[in-house]
Amino acid sequence: MVLAGALFVSVPQGSAASPQPRAIVVDARGGAIPLWPGVTMLTDPSHGLGIADVTARRDEFRVPDTAARNLGPRDEAVWLRVELRLNTPTDTYWWLALRSTPIDEVDVFLLRDGRLISRDFRSQGIAYHSQRTPFRFPAVGLEIGPVGQYEIYIRLRKYLSLALFAPLTLEPLPLLVAEEMSTQAVQGALFAICICLALYGFGAGLLSREPLYGWFGLFALSNAMIPFIYFGFAAQHLWPSLSNPRGDSVLFFLVLMTASGLFFVDRTLEAARASPRMSLAMRGAGVLLMALCAAFAIGVVSPNAMAMVVAVVGPSPFLLALPVALRRAWRGDPVAYWVFAGWLPHAAALAVGFAMHRGWLPWTEVVDHALQAGGLLDLVTWIVVMVIRESAVRREALYARDEHVRLRALAETDGLTGLLNRRGFGARIPRLEAKVRGGGGFALYLLDLDGFKAVNDRHGHETGDMVLKRIAEALTVIARSQDLACRLGGDEFVMVVEGVESEEVANRIAERLHAACIDALAAPGLDPEGLGVTIGYGLAPQDGLTVEALTRHADRAMYAAKRAGKNRVGRGGDRTAATG
C-alpha cells in the first residue's frame, strides 16, 4: 500500500505537461535524452492518415493532457511529433527508443528541414527474427548529424483497449545496449527463480499428492510468464520465429494466475472448514476462470473480452477470501498473517497496474514493474505459508504417531505392574521365533505365585496388588533391555531371557529369578507367610522352536514343581530343584 501511495502521489508531477511544446536540444555529449517534454499529439480515429497528411496539419498537434508518458486507453491511432534541434555537429549515431513493448504498431518518420529522410516500422505481427533491429522493444536508428532542425513523427496503434505508453528517449547505441544487457540479466534471473519455484510446486504436488503445491506451481509459472511476455523477452528468446500476440498471451496468464490463486488460498486457509459456501464460491470461480482460459486458447473468447475479465476479476481472490482470512487472523493464525503480508503488496501492485492501464498514472519503470514486484512478494509469502502449513502437518503427524505409540503401549501394558500384558507379549513372539530360526537361543520362564489367593482373601486386594507389584519390580531389575518381562494375568508371569543356549546358564538364571522374587516378598510391609513362587522353564531350541511349544514345556515343568512341593524351580520331568 505504501508503494501504491507513493506512485499515486507522483501523478501530479507526471501529468503536469508544459502548455507549449519546446524543441528538444540534442546534446553532442551523447547522454540519454527524454523526449516526452517536447511531445505533441494528433489522434487518427480513421486510421487513414499518412505522413503527408500529418505534416500538413502540424498546427493541429496539441500537448497531451494525460499523465506523463501515458496516453491512456485508445481505440484510434495516435500520431506524436517531437521537434529536435542540433546546434553543433556530432558523430554520435542516435537511436529512438520506445521502452514500452506492448504496442502493436510503431511507425517512425524522421524529417530534416521538412524533408523525409528515413522511415522505420515495427509490429508485433512480425516475428522477432524478421525485425530490422535486435531489440525487444521498438528502437530505431536516426540519421541525426548535420546541424539543423529535425522532426520525428511517430504513429502508434494498439489493438486492445488498454493504455498506450510513450516513454520516448533518444540514446546513443552503446548506452542503449548497456541498459538492455542489465535489464536482460535481471529479468533472466527473476524468470529462472519463478520457473524453479514452479517446478518445485509441480514436483512436490506429484510426490505428496497435495493439490496445494500444484496451484502454487501454476501461480509461479504465471508470475514467470507474465513479465517475460509483457516485456518482450518471450518473443526474443522463446519463440523468435513466431509472430507474437503478446497482449493475448499476457491476458491468458493473468487469468490463469487469478484462478490458481483462488484454489491456493482456498486450500491454504481451509475455507471449506471455516465457510463451506465461501469455499464453494472460490472453487467455482476458479473452475470458471480455468474454463475461460481454455476457451480463450482455442479462440472462442476475444482478447478484448479477456481484458475486461482481467479488470473485473483481478482482485477476486482477495475479496472472496477476505472474511475467512480475517477470521483466522483474529484467532492468531500465522498462516492468515502471512497471507495478508502477500496480499497487501500484490493488491497494491494490481491497483497500480490497473490505474496505469486506465491512463491515470504516469508511465515509469517502477510503475511498469509494479505487478511483477507484487507477484514476486506474493510468491515469497506463499512459500512461507507452505512452510508453516507443512510444519503444522508434520507436527500433527508426529503427534498422531506419538498418540498411536501411547495407545499401543496402553493396549500392550499391564495397568497395575507396568509390565507387558498378554497382548504385548504376543506381539513380540514373531521376533523371538525369527531369532531361533536364525540360530539364536532363549529361555522362557513361567512364574506362578503360591498362596496368593489366601493372601488376597485374608489381607484384601490392596495387599494382593502390592505383592504383584513387588514381583514385577524384581523381574524388571533382572531383565536386560533385550529381555521380556510380562504379566499374563492373575498371579502368573512370564520372562524371556535372550542369548541363553545351555541348560546350566538357564538354571542359574532361574535360581536367580526365584531368589529375587522371594526377597521381594520378604520386603517390609508384606507378610511372606504362606507366599512362594514356583518357576518352570523351557529352553530354545532344545525344548522347541516356537514360543507356544516352549510355553507348554515350561507350564508342564511348573506344575511338576508344584506337585513336588511348590516354591521351587522346575526344568521338567524329574529335573526339579527344591529352593524353598
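Keep in mind it's a predicted model, so treat the numbers as computed, not measured. (Residues numbered from 1 in each chain as written. Predicted model: local features only at pLDDT ≥ 70, side-chain atom pairs only at ≥ 80, totals over all residues. Heavy atoms only, no water.)

Student: Would you take a moment to explain the confidence of the model for the chain for this structure?
Tutor: Low pLDDT means the predicted atomic positions in that stretch should not be read closely. When pLDDT is averaged along the chain, the result is 85, and 92% of the positions lie at 70 or above. The secondary structure element of the chain with the lowest average pLDDT is helix α1 (residues 2-9), at 38, and the one with the highest is strand β3 (residues 39-44), at 95. The low-confidence segment residues 1-19 (pLDDT under 50) makes 25 contacts with residues lying over four places distant or belonging to another chain. Counted against residues more than four places away or in other chains, residues 573-580, with its pLDDT under 50, gives 17 contacts. (pLDDT = per-residue confidence, 0-100. Helix = DSSP H or I, 4+ residues; strand = E, 2+ residues; numbered from the N terminus. Contact = heavy atoms within 4.5 Å.)

Student: What's the story with the nonpolar core in this structure? I'm lost.
Tutor: Among soluble globular proteins, nonpolar side chains are generally buried collectively. With 68 residues, the main nonpolar core has L269, M306 and W343 as its most contacted residues. Among the elements that make up this core, the one with the highest residue count is helix α5 (residues 211-230) (12 residues). In this structure M306 touches L251, F252, V255, L292, C293, F296 and V301, once residues within four positions along its chain are discounted. In this structure, V78, L86, I103 and Y150 belong to the second largest nonpolar core, which totals 32 residues. (Core = buried A, V, L, I, M, F, W, Y, C linked by side-chain atoms within 4.5 Å. Buried < 20%, exposed > 50% of the residue type's maximum accessible area, 1.4 Å probe, protein only.)

Student: When you look at the pattern of salt bridges in this model, what are you seeing that I'm missing?
Tutor: A side chain of one charge can pair with a side chain of the opposite charge if their charged atoms are brought near each other. Counted according to the given criterion, the structure contains 31 salt bridges. For E179, the salt bridge is made with R99, and the minimal N-O distance between the two is 2.5 Å. One end of the pair, E179, is in helix α4 (residues 173-208); the other, R99, is in the loop between β6 (94-98) and β7 (105-112), with 80 residues separating them in the sequence. Given a relative accessible area of 29%, E179 falls into the partly exposed group. Taking the shortest distance from any N to any O, the salt bridge between E503 and R571 comes out at 3.7 Å. (Salt bridge = Lys/Arg side-chain N within 4 Å of Asp/Glu carboxyl O.)

Student: Can you help me understand the pairing of strand β15 (residues 492-498) in this one?
Tutor: By the criterion of burial, β15 is predominantly enclosed, with six of the seven residues buried. Examined bridge by bridge, strand β13 (residues 442-450) and β15 share seven bridges and lie antiparallel to one another. From the neighbouring strand, A443 faces β15, where its bridge partner is V497. Pairing of strand β14 (residues 484-489) with β15 involves five bridges; the strand directions are antiparallel. Residue pairing in the sheet places R487 in a bridge with F493 of β15. (Pairing = 2+ DSSP bridges.)

Student: Can you help me understand helix α17 (residues 452-459) in this one?
Tutor: Each α-helix turn comprises 3.6 residues. Residues three or four places apart therefore point the same way. Those residues of α17 that sit buried are F452, V455 and N456. Down the axis of α17, the sector holding all buried residues measures 100 degrees, keeping them to one side. Away from the buried face of α17 by more than 90 degrees, exposed residues K453 and D457 are located. If you follow the buried residues of α17, they end up packed against β13 and α18 (461-478). Following α17 by one or two positions, G460 adopts a phi angle in the positive range, close to 100 degrees. (Arc of directions from axis to C-beta.)

Student: Explain the sheet that holds strand β9 (residues 139-142) to me, please; I cannot follow it from the model alone.
Tutor: The pairing of strands in a sheet happens through backbone hydrogen bonds and is either parallel or antiparallel. In spatial order, the strands read β2-β12-β6-β9; together these four strands make up an open sheet with antiparallel pairing. The sheet terminates laterally at β2 (33-34) and β9, the two strands that pair on one side only. Bridging between β2 and strand β12 (residues 168-172) involves two bridges; their strand directions are antiparallel. When the bridges of β12 are listed, P34 appears paired with T169.

Student: I'm lost on the packing of aromatic side chains in this one. Help?
Tutor: Across all of its chains, the model carries 17 aromatic pairs by this definition. For the ring pair F216 and F264, a centre distance of 6.3 Å and an interplane angle of 45 degrees mean the geometry is tilted. Taken together, the residues F216 in helix α5 and F264 in helix α7 (residues 246-268) connect sequence positions 48 residues apart. The exposure class of F216 is buried, given its relative accessible area of 0%. Through pairs of rings, three or more aromatic residues link up here, namely Y93, W95, F135 and F137. For the cation-ring pair, K158 lies above F165, with the distance from its terminal atom to the ring centre recorded as 5.4 Å. (Phe/Tyr/Trp six-rings, centres within 6.5 Å; stacked < 30°, edge-to-face > 60°. Lys NZ or Arg CZ within 6 Å of the ring centre and 35° of its normal.)

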